[in-house]
Amino acid sequence: MPDTGAQLTDTKLLQHFATLAQYQHTRERNSAALKQAFFVLAQARRSAGYSRISPDQYSGHAQPIATVNINAMEPGSSGSTMTVARRNEDSAGVDPLLWFGMLVPPTLREAQSGFVEALDGLVALAQMKRELELQAETITKLTQENSIKD
């Protein structure tokens, strides 16, 4: 009869590898999205003029259009959750695109939405990384327990 501790370790290891594959897939997808957003931003700068879309145009009173909230779980558990909170259109604050004029190139709007969407992917990656760390800790503990039994 196979050892149940070894079976549990194998099951946890398979879960870990599945999560790792999902992490790599999400990372590749998010990397491609960020590359596309930077490319579109470069197109916007080229079409509107490099001096018109530059750090010189940034406002000193910038307000984020999205924030990441990290909520720790209870002291007994070793996890946390992350959420992205987006600013409402009605809330106070100016759309950062308006710093560059009233009629901004459509590619600049496309770049902005690409970066905002990439934020969701980055939060998902951070959550998956934390999950991978927790799984690795569990596997290490189970492996040590199994080696003590043997």
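Being a predicted model, the structure only gives us computed values, none of them experimental.

(A) Molecular detail of the environment of A37. In this structure, A37 sits in helix α1 (residues 4-48). Note on A37: relative accessible area 3%, which makes it buried. Expressed as a C-alpha distance, the spacing of A37 and L108, which sit 71 residues apart in the sequence, is 9.3 Å. Residues in contact with A37, not counting those within four places in the same chain, are A111, G114 and F115.

(B) Just the environment of I139, in detail. The residue I139 is located in helix α2 (residues 106-149) in this model. A relative accessible area of 12% means that I139 is categorised as buried. When neighbours within four sequence positions are excluded, I139 is seen to be in contact with K12, L13 and H16.

(C) A look at a nonpolar patch on the surface. A contiguous nonpolar patch, built from L13, L14, F17 and L20 and spanning about 360 Å² of accessible area, is present on the exposed surface. For L14, a relative accessible area of 62% translates into the label exposed.

(D) Fine view of the pattern of salt bridges. Inspection of the entire model under this criterion finds one salt bridge. The salt bridge partner of E133 is R130, with a shortest N-O separation of 3.3 Å. One end of the pair is E133 and the other is R130, both in helix α2 and three residues apart, which spans about a single turn. Residue R130 is classed as partly exposed on the basis of its relative accessible area of 26%.

What counts and how
Residues numbered from 1 in each chain as written. Predicted model: local features only at pLDDT ≥ 70, side-chain atom pairs only at ≥ 80, totals over all residues. Heavy atoms only, no water. Helix = DSSP H or I, 4+ residues; strand = E, 2+ residues; numbered from the N terminus. Buried < 20%, exposed > 50% of the residue type's maximum accessible area, 1.4 Å probe, protein only. Contact = heavy atoms within 4.5 Å. Patch = residues over 30% accessible without salt bridge, like charges linked within 9 Å, V, L, I, M, F, W, Y side chains within 5 Å. Areas by Shrake-Rupley, 256 points an atom, 1.4 Å probe, with all protein chains shown as cover. Salt bridge = Lys/Arg side-chain N within 4 Å of Asp/Glu carboxyl O.

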